[in-house]
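Structural description and commentary
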Amino acid sequence: MKKIGIMGGTFNPIHLGHLEIAKKALEQFALHEVLFVPSGVPYMKDLDTVLPAETRCEMTRLAIRNIPSFSLSLIEVDKAKNTYTCETLKDLKDAAPDATFYFLLGADSLWAIEQWKNPQEIFGRAHVLAAVRDNKSMADMEKQIAYLTGKFGARISILEIPAMEVSSTMIRERVRNKLPIHDLVPEAVENYIYDHKLYQEEYAMGEKSKIELQELRKAMEQELSSKRYLHTLGVSYTAACLAMAHGADMDSAMTAGLLHDCAKPLKGEEQIALCEKNHLEISDVERLNPSALLHAKVGAYLAETRYGVTVPDILNAIRYHTTGRPQMSKLEKILYIADYIEPGRRHVADLEQIRQMAYQNLDTTMAKILENTLAYLKTTDGQIDSMTEETYEYYKKGSSLRH
């Protein structure tokens, strides 16, 4: 029976720490192969900026090309949509039903995996290998493993790896600050980064997709009603303030704020027609209430096709600013919250409290806003998108864990 390890991640960029984890898994668990699976459309927590999938895949290919037991899988990239670990594992298992899969993750993820989509399916389809450095005591690890084993019937083993001070964030910062990275990434990846001038400045907007904010404001002033334009400015500036407070890119936040309602001038039937023409999926709830819900999806489409924004995190922030979604990026949460608390808002329950919360903890603020939103919709018999309910359950659970 073939034993296959799965190393997923954004790989923005891939580094020696990733390779070391995979090598140790091969050695300690006698794996036949490790698949490196770059994410296609990233949605990971606090992921603000990311290079295109083809660039990250090429760096991954270069990093592993001389290691026979390592392979690159495009299973998530080829889907060109949000993917989940449980779904990826199902697809891999369907393709190789006789193989045993080992899912590699960082030890910290054992405390977050219950918030992932369908954790029961993850544990049912793979033996989890938790990479342990020096930042978790063995007693804590064993206690959490026993808990997950009892609750989910999980198969979890500890993967011992040496402590390494390396992360993708560190590498990007060192490149921007003109510091060496030769001891953090394979030589081929280092050369690729410098040859293609990656990470040398903030990628949040991207050279090809960056739009001057002043021009974008003028475009929105012409497209939107005066009332909607004032709201848009309020959201944009509030998003920038939240980005400053939480260490996100301010230009990205302002851009998302300016474009979040760019589809509002279209009537409901026009939004539906645009979706059908361009093969954008419409849920039953969106079809019944396009003005309130569908404009977010259409807005993301217009932001890309009409205004030239191609950065996935900005487009996703616009796409999910009405319903939210589990595991939102920092920018997605910032836009969702800014839309709720911008200065023009009035007569909203707990508004002052929420405005203060927003600058302290984004996740707790998400839970509070979603709770209020669902309560309001139930009193008005408004249409509730199931994604909003899923998002509330996700952030409510996270908030209760923190308390």
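Presented here is a report on the structure given in the accompanying data block.

Cut-offs applied
Residues numbered from 1 in each chain as written. Predicted model: local features only at pLDDT ≥ 70, side-chain atom pairs only at ≥ 80, totals over all residues. Heavy atoms only, no water. Axes fitted to C-alpha atoms, helices over the stretch in contact; angles between N-to-C directions. Helix = DSSP H or I, 4+ residues; strand = E, 2+ residues; numbered from the N terminus. Parallel < 35°, antiparallel > 145°, perpendicular 65-115°, else oblique. Left-handed = near helix turned anticlockwise from the far one by under 90°. Contact = heavy atoms within 4.5 Å. Nonpolar A, V, L, I, M, F, W, Y, C, P; charged D, E, K, R; others polar. Core = buried A, V, L, I, M, F, W, Y, C linked by side-chain atoms within 4.5 Å. Buried < 20%, exposed > 50% of the residue type's maximum accessible area, 1.4 Å probe, protein only. Polar contact = N/O pair within 3.5 Å; in protein donor to acceptor, adjacent residues only side chain to side chain. Pairing = 2+ DSSP bridges. Disulfide = S-S within 2.5 Å. Salt bridge = Lys/Arg side-chain N within 4 Å of Asp/Glu carboxyl O.

Moving on, we get to the packing of helix α10 (residues 250–259) against helix α15 (residues 330–341). As a packed pair, α10 and α15 sit with axes 10 Å apart at the nearest point and diverge in direction by 45°. One finds that α10 runs oblique with respect to α15. Like other packed secondary-structure pairs, α10 and α15 cross with a definite hand, here right-handed. Along the contact surface, α10 presents S252, A253, A256 and G257, while α15 presents L331, I334 and L335. Residue composition of the contact of α10 with α15, by class: 5 nonpolar, 2 polar and no charged.

If you look at the biggest cluster of nonpolar residues, it comprises 56 residues, and the most contacted ones within it are L259, I334, I337 and I341. Among residues more than four places away in sequence, those in contact with L259 are L216, M220, A303, Y307, V309 and I318.

Mapped onto the fold, H321 is located in the loop between α14 (312–319) and α15. Side-chain polar atoms of H321 contact the side chain of H295, separated by 3.2 Å.

Taken in spatial order, the 6 strands line up as β3-β2-β1-β4-β5-β6 in an open sheet, and their pairing is parallel. Since the sheet does not close on itself, it has two edges, and those belong to β3 (70–72) and β6 (156–160), each with one partner. Here the average twist between neighbouring strands, direction ignored, is 30°. In this sheet, β3 lies alongside strand β2 (residues 33–38) in parallel orientation, the contact comprising 3 bridges. Counted as the bridge partner of V34 is F70 from β3. Contacting β1 (3–9), β2, β3, β4 (100–106), β5 (127–132) and β6, helix α1 (residues 16–29) runs over the sheet at an angle of about 115° to β6. Its contacts with the sheet put helix α3 (residues 85–95) on β1, β2 and β4, and the angle it makes with β4 is roughly 155°.

Relative to the helices and strands, I341 is located in helix α15. Look at I341 and you get buried, because its relative accessible area is 4%. The sequence separation of I341 and R61 amounts to 280 residues, and the corresponding C-alpha distance is 44 Å. Aside from chain neighbours lying at most four places away, what touches I341 is T238, L242, L351, I354, R355 and A358.

The next point concerns the state of the cysteines. Inspection of every chain in the model, using the stated rule, returns 0 disulfides. Considering cysteine sulfurs only, C262 is the nearest to C275, which forms no disulfide, with 12 Å between them. What makes C275 buried here is its relative accessible area of 0%.

As a further point, take the pattern of salt bridges. Tallying each qualifying case throughout the model produces 18 salt bridges. In this structure, the salt-bridge partner of E87 is K117, at a minimum N-O distance of 3.1 Å. One end of the pair, E87, is in helix α3; the other, K117, is in the loop between β4 and α4 (119–125), with 30 residues separating them in the sequence. Since its relative accessible area comes to 25%, E87 is described here as partly exposed. According to the relative accessible area criterion, K117 is partly exposed, its value standing at 35%. Across the pair D261 and R228 runs a salt bridge whose closest N-O atoms are separated by 2.8 Å. Of the two residues, D261 sits in the loop between α10 and α11 (268–277) while R228 sits in helix α9 (residues 226–246), which places them 33 residues apart along the sequence.

Geometric values such as these leave the question of function open.
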